[in-house]
Amino acid sequence: MNENAISAENLTKIYTRGIEQVHAVDHISLDIRAGEFVSVVGPSGSGKTTLINVLGCLDNPTAGILTIDGRAVFTDGRSLSERQLTRIRRELFGYIFQKFYLIPTLTVEENIMLPFTFFRKDGASENVSRLLHLLGIERRKNHLPGQLSGGEMQRVAIARALVNNPRILLADEPTGNLDTARSEEIGQTLTELNQKQGLTIILVTHNPSLAQTAQRTITIHDGKIKK
Amino acid sequence: MISIYKVSFKNLLRKRTRTILTIFGIALSAWVLASLLGFNKGYEASLSRDIDNMGFQVLLTAKGCPYEAATLMLKGGTGLRYMREDVVQQVTGEPEVERVTPMLMQVVFDPNKGESGGISAYLGVDPVTFPKMKSFLEFRQGGWFTDPDAMEVVMGYEAAELEQREAGDMLLIPEKEVELKVVGILKRSGTQDDGTIFMPVRTVQTLFNKPGELTGLGIKVKQDADIVAFEEKLYGLPDVQVVSLAQVKQTIMNLVSTARIMVFSIAIIAVLIAMVGVINTILMSVFERFQEIGILKSIGAMPWDIFKLIWIETVILCFMGGVVGTAMAFGLSKITEVLIRNLLPYAPTGSLIQLDARLVIMTMISVLLIGVVSGMYPAWKAARIRPLESIRSEGN
Ligand SMILES: Nc1ncnc2c1ncn2[C@@H]1O[C@H](COP(=O)(O)OP(=O)(O)OP(=O)(O)O)[C@@H](O)[C@H]1O
Ligand SMILES: [Mg+2]
């Protein structure tokens, strides 16, 4: 992997609402090194979700340059094809969100293996049992999501995001639905993944203590990085 | 490893009632479809058999409406017309003729038959020529009468059952107050002969006071003869009607085709309704899983993967509906038959609906085709969902 997992230069995302223009991300430049654990904080509506969606190739920026692992993904309005973007997404990124989006009719283990239905990296099969163990949900592997607690469901979602060995984990308020104790557990899990496996993590959170578990915290205000 | 088929299948289990109702809708259309296809086949086969079992290819009757003649001949109905016996000599001389057999039909209302009385059909036949023409008729008991003036009868299988007669018993003709001896009982033939009571034609003429009169003359044409040219010649005979069984068959098939078109329209409507039902169900489940599908994309599904996922769901639904529907077609064929019989101008004896493996395959293919076609739009819709949209609609 390149030294910089993600590199952004004057990244801008403008939403048009009627005649009004919202600069959700306003000329942001940042580098995230491979293996770094970065948290993103800021008031509601400041542009955190927009930023991490653009960084994670889920959304196209209006302007700016985005380079992922040395590959130019967006260069001033020109982007790769949807197909190429899907390929980058599935090879490099894992995503978790505030909601867990587990398939209710599939067991925990099947939910974790679900990405293999579409794409499997070499040697990724062994990850299933390793992640079940690492995330402490082994005993739950044959249960349906409806039988789990919120914290357990989020850990299943994390396992599913990691099963194909992504380089970068993007987490948008993963503890938004969890209580303090569960949030701390998730925080510890992320720290472990970062330290033991060198996983690059970008974590958006409203929780100050969770933000502090990261090596670096980026504060966003009105679409800009606050120094 | 979890296959895309398993994922699709499990998705269908989410809303069980909806899935079952949709399957049932498809099953209904598969049932109609299978029954219709089976009907086309069965009807023509039954009709051909009925007509071949007459033993002759041309029938002469007294002049009248051809449709009436056709139904009269096949149903043995009322409104009899008579012709003179000398027509037998006129026709026998023709070179194309192999054999002729005169017939005199009489119908009597029997107040003791069944609960409220019923119709008994007596067919006077020639003891020499008729058995030769109908050589395929088999006896359960006894055999044909031989004396042209015998006071004897041969009973069709069902007629004998109904009257509870054995060979050797006596049979009373209502109104006539005469008893005839039962000399033979036929095996079941699956044609209208089953319900007929045969006696020598002369006996009928005497009993019913119709000397020298006939209601029909069956003509068996020589194998290499030109039937059409022969029929042309027969048209020259005065006061008789030429009924070509080939034409009768055609006429009935034409009448039936109207009913067939009706049934076919019902089938098409059933198929369309099933399709709309399938599209609706699948579209609904796509919209319900909007976010989930977006997530599938974020975990690596290509648009084509999502397309397949939804498409397979539709095809599974239709496949199951097809299986249930064909099972219904087999299981309910008796009921279907009654329904169809009520729609038809003329229904031959024997089973109208013939179901076989080829038909099952055809029905399954049609139903799967419904699935393939109706799955396309929802699948395409789903394939176009972008991963981001789902996260957006989270509403945060
Ligand atoms: N699809 C959209 N269309 C128009 N405006 C949008 C859209 N998505 C976000 N915005 C606007 O962009 C700005 C940044 O939104 P964003 O969701 O990135 O904020 P956030 O920091 O994640 O907020 P929160 O902490 O509440 O999740 C907000 O003003 C929001 O209203
Ligand atoms: Mg947000």
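Residues numbered from 1 in each chain as written. Chains lettered and ligands numbered in written order. Predicted model: local features only at pLDDT ≥ 70, side-chain atom pairs only at ≥ 80, totals over all residues. Heavy atoms only, no water.

**Observations regarding the overall build of chain B**
Here's step 1: Across its full length, chain B carries 14 helices and 12 strands.
Here's step 2: For a compact globule of 396 residues, the expected C-alpha radius of gyration is about 21 Å, and chain B comes in at 31 Å, more than 25% above that figure.
Here's step 3: Seen along its three principal axes, the alpha-carbon backbone of chain B occupies a region of about 100 × 45 × 35 Å.
Here's step 4: Out of the 396 residues belonging to chain B, those deemed buried represent 51%.
Here's step 5: Taking the contacts inside chain B whose residues are at least 6 apart along the sequence as the reference set, 78% of them involve residues at least 24 apart. (Helix = DSSP H or I, 4+ residues; strand = E, 2+ residues; numbered from the N terminus. Rg over C-alpha atoms; globule rule 2.2 N^0.38 Å. Buried < 20%, exposed > 50% of the residue type's maximum accessible area, 1.4 Å probe, protein only. Contact = heavy atoms within 4.5 Å.)

**As for the sheet that holds strand E8 (residues 168–172) of chain A**
The strands that make up a sheet pair up through hydrogen bonds in the backbone, lying either parallel or antiparallel.
Residue and element names in this part refer to chain A.
Here's step 1: Spatially, E7-E8-E9-E3-E10-E11 is the arrangement adopted by the 6 strands of the open sheet, whose pairing is mixed. Edge positions in the sheet fall to strand E7 (93–96) and strand E11 (224–226), since each of these pairs with one other strand and no more. For this sheet, the mean angle separating the axes of adjacent strands, direction not counted, is 25 degrees.
Here's step 2: Bridge count between E8 and strand E9 (residues 200–204): 5 bridges; the pairing is parallel. If you follow leucine 169 over to E9, its bridge partner there is isoleucine 201. (Pairing = 2+ DSSP bridges. Axes fitted to C-alpha atoms, helices over the stretch in contact; angles between N-to-C directions.)

**Observations regarding the site of ligand 1**
Here's step 1: The environment of ligand 1 is made up of 15 residues, and the closest members are Ser44, Gly45, Lys48, Thr49 and Thr50 of chain A.
Here's step 2: Two or more chains meet at ligand 1, and those chains are chains A and B.
Here's step 3: Interatomic distance of 2.5 Å between a side-chain N/O atom of threonine 50 of chain A and an oxygen atom of ligand 1.
Here's step 4: When isolated, ligand 1 has an accessible area of 630 Å², and the protein chains bury 76% of it.
Here's step 5: Those elements that provide at least two residues to the shell around ligand 1 are strand E1 (4–17), strand E2 (20–33) and helix H1 (48–55) of chain A.
Here's step 6: Counting residues per element, the shell around ligand 1 draws most heavily on H1 of chain A, which supplies 3 residues.
Here's step 7: Its residues placed into classes, the shell around ligand 1 shows 4 nonpolar, 7 polar and 4 charged. (Near = heavy atom within 4 Å. Polar contact = N/O pair within 3.5 Å; in protein donor to acceptor, adjacent residues only side chain to side chain. Areas by Shrake-Rupley, 256 points an atom, 1.4 Å probe, with all protein chains shown as cover. Nonpolar A, V, L, I, M, F, W, Y, C, P; charged D, E, K, R; others polar.)

**Quick word on the packing of aromatic side chains**
The geometry of an aromatic ring pair is captured by the separation of the ring centres together with the interplanar angle, meaning the angle of the planes.
Here's step 1: Taken as a whole and assessed by the stated rule, the structure comprises 12 aromatic pairs over all chains.
Here's step 2: Aromatic pair phenylalanine 97 of chain A and tyrosine 101 of chain A: ring centres 6.1 Å apart, planes at 75 degrees, arrangement edge-to-face.
Here's step 3: Given a relative accessible area of 6%, phenylalanine 97 of chain A falls into the buried group.
Here's step 4: Overall, tyrosine 101 of chain A belongs to the buried group, its relative accessible area being 10%.
Here's step 5: Following the ring pairs from residue to residue traces out a cluster consisting of Phe130, Phe139, Trp144, Phe145 and Phe198 of chain B. (Phe/Tyr/Trp six-rings, centres within 6.5 Å; stacked < 30°, edge-to-face > 60°.)

**Observations concerning the sheet that holds E2 of chain A**
Residues and elements named next belong to chain A.
Here's step 1: Across the sheet, 5 strands lie side by side as E2-E1-E4-E5-E6; this open sheet has antiparallel pairing. Two strands bound the open sheet, and with one partner strand each, they are E2 and strand E6 (78–79).
Here's step 2: Direction of pairing for E1 relative to E2: antiparallel, over a ladder of 10 bridges. Paired with lysine 13 across the two strands is valine 25, which belongs to E2.
Here's step 3: Contacting E1, E2, strand E4 (63–68) and strand E5 (71–75), H1 runs over the sheet at an angle of about 55 degrees to E2.
Here's step 4: Of the strands in this sheet, E4 and E5 touch helix H2 (residues 82–92), which is tilted by about 130 degrees from E5.

**Structural notes on the pairing of strand E3 (residues 97–110) of chain B**
All names here are of chain B.
Here's step 1: Counting buried positions over the 14 residues of E3 gives 10, a clear majority of the element.
Here's step 2: Note that E3 and strand E11 (residues 216–221) share 6 bridges and pair antiparallel. Looking at E11, one finds that threonine 101 is bridged to glycine 218.
Here's step 3: The pairing of E3 with strand E4 (residues 118–125) spans 8 bridges and is classified as antiparallel. In the strand pairing of E4, methionine 103 is matched with valine 125.

**Remarks on the environment of valine 41 of chain A**
Residue and element names in this part refer to chain A.
Here's step 1: For valine 41, the position within the fold is in strand E3 (residues 37–41).
Here's step 2: In this structure valine 41 comes out as buried when scored by relative accessible area, which is 18%.
Here's step 3: Between the C-alpha atom of valine 41 and that of proline 208, which follows or precedes it by 167 residues, the distance is 8.1 Å.
Here's step 4: Residues within four places of valine 41 in sequence aside, it is in contact with Lys48, Thr205, Ala211, Thr217, Ile218, Thr219 and Ile220.

**Description of the domain arrangement of chain B**
Here's step 1: In terms of domains, chain B is made up of domain 1 (4–51 + 252–395) and domain 2 (64–238).
Here's step 2: The centre of domain 1 of chain B, based on its C-alpha atoms, is set 50 Å off from the matching centre of domain 2 of chain B. (Domains from an automatic or database assignment.)

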